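Residue strings, one per chain:
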Amino acid sequence: ADDADAAVLLFLGGEQTGHALAEILLGEQAPSGRLPLTLPHSEAETTPPCDSESCMYTEGLASGWKAHHGKPVAFAFGHGLSFTTFSYTWDMLPVISAGAAAAGSRGVPSSRIAANLSVTIRNQGGAAGAEVAQLYLAFPEGSGE
């Protein structure tokens, strides 16, 4: 991956996958997908598959892309390229509101929290394209997640 400028991954391809890939590679359509996983620099940075009847996986929530959080990787979760560039402008800054207590996961009481936000995305480049807006959330400190 150190010498790669880009990676093309085709997940769950169908009968038109070849046509769609050709249109992207020939510049007739712009790519707009994002990686649903993280690609580490090497296989040594992954969790090896179990090759026996009983295996202990002790990484807990630190598996998949979470295992690479804060570490350098070849291509990060959510990475994607386009033939154009986009700008994001806040229409309304995020407004966080807390609601009444409710039963959360595992039956533990938790507060319902809502976030309202609005953003305008503009194509600033010279080519047509589509953008995938991404919002990343995290559990609050002390939540055990």
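Residues numbered from 1 in each chain as written. Predicted model: local features only at pLDDT ≥ 70, side-chain atom pairs only at ≥ 80, totals over all residues. Heavy atoms only, no water.

### Considering the overall build of the protein chain
Okay, so step 1: Within the protein chain, the regular secondary structure consists of 1 helix and 2 strands.
Okay, so step 2: Moving toward the C terminus, one meets the helices and strands of the protein chain in the order α-β-β.
Okay, so step 3: Within the span of the protein chain, comprising 145 residues, buried residues form 8% of the whole.
Okay, so step 4: Within the protein chain, contacts between residues at least 6 apart in sequence are counted, and of these 69% link residues at least 24 apart.
Okay, so step 5: Accessible surface, the protein chain: about 11400 Å² in total, of which carbon and sulfur atoms supply 56%. (Helix = DSSP H or I, 4+ residues; strand = E, 2+ residues; numbered from the N terminus. Buried < 20%, exposed > 50% of the residue type's maximum accessible area, 1.4 Å probe, protein only. Contact = heavy atoms within 4.5 Å. Areas by Shrake-Rupley, 256 points an atom, 1.4 Å probe, with all protein chains shown as cover.)

### A word on the state of the cysteines
Okay, so step 1: Taken as a whole and judged by the stated rule, the model has 1 disulfide.
Okay, so step 2: Each sulfur of the disulfide joining Cys-50 and Cys-55 lies 1.4 Å from the other. Of note, the bridge from Cys-50 to Cys-55 carries an S-S torsion of about 65° and is right-handed in sense.
Okay, so step 3: Overall, the relative accessible area of 32% leaves Cys-50 in the partly exposed class. (Disulfide = S-S within 2.5 Å.)

### Re a nonpolar patch on the surface
Okay, so step 1: A cluster of nonpolar residues, Tyr-88, Trp-90, Leu-93, Leu-117, Val-119, Ile-121, Leu-135 and Leu-137, forms a patch on the protein surface that exposes about 820 Å² of accessible area.
Okay, so step 2: For the nonpolar patch, the elements supplying multiple residues, two or more each, are β1 (86–103) and β2 (109–123).
Okay, so step 3: By the secondary structure assignment, Ile-121 is in strand β2. (Patch = residues over 30% accessible without salt bridge, like charges linked within 9 Å, V, L, I, M, F, W, Y side chains within 5 Å. Salt bridge = Lys/Arg side-chain N within 4 Å of Asp/Glu carboxyl O.)

### Considering the environment of Leu-21
Okay, so step 1: Looking at the element boundaries, Leu-21 is found in helix α1 (residues 17–25).
Okay, so step 2: For Leu-21, a relative accessible area of 23% translates into the label partly exposed.
Okay, so step 3: Separated by 10 residues in sequence, Leu-21 and Pro-31 have C-alpha atoms that sit 9.1 Å apart.
Okay, so step 4: Not counting residues within four places of it along the chain, the set of residues in contact with Leu-21 comprises Val-8 and Leu-10.

### A closer look at the confidence of the model for the protein chain
Okay, so step 1: Across the protein chain, the average pLDDT comes to 82, with 89% of residues at or above 70.
Okay, so step 2: Put simply, β1 is where the protein chain has its lowest mean pLDDT, 79, and α1 is where it has its highest, 92. (pLDDT = per-residue confidence, 0-100.)

### Things to note about the layout of surface pockets
Okay, so step 1: Reported here for the second largest pocket is a volume of approximately 660 Å³.
Okay, so step 2: Each residue belonging to the lining of the second largest pocket can be placed in one class, and the counts come to 17 nonpolar, 8 polar and 1 charged. (1 Å grid on protein atoms, 1.4 Å probe; cavity = no way out; pocket = protein on both sides within 12 Å on 5 of 7 lines; lining within 4 Å. Points joined across faces, edges and corners; volume = space filled by probe spheres on them. Nonpolar A, V, L, I, M, F, W, Y, C, P; charged D, E, K, R; others polar.)

### A few points about the pattern of salt bridges
Once their charged atoms are close, side chains differing in charge can pair, the charge on each being opposite to the other.
Okay, so step 1: Summed over the entire model, instances satisfying the criterion amount to 1 salt bridge.
Okay, so step 2: As a salt-bridge pair, Arg-34 and Glu-131 come within 2.7 Å of each other at their nearest N and O atoms. Pair noted here: Arg-34 is in the loop between α1 and β1 and Glu-131 is in the segment after β2, with a separation of 97 residues, a long-range link.
Okay, so step 3: On the basis of relative accessible area, Glu-131 is assigned to the partly exposed category, the value being 25%.

### Notes on the side chain of Thr-38
Okay, so step 1: You can see Thr-38 is positioned in the loop between α1 and β1.
Okay, so step 2: Side-chain polar atoms of Thr-38 contact the backbone nitrogen of Phe-77, separated by 3.2 Å.
Okay, so step 3: For Thr-38, the residues in contact, after removing those within four places along its chain, are Trp-65, His-68, Val-73, Phe-75, Ala-76 and Phe-77. (Polar contact = N/O pair within 3.5 Å; in protein donor to acceptor, adjacent residues only side chain to side chain.)

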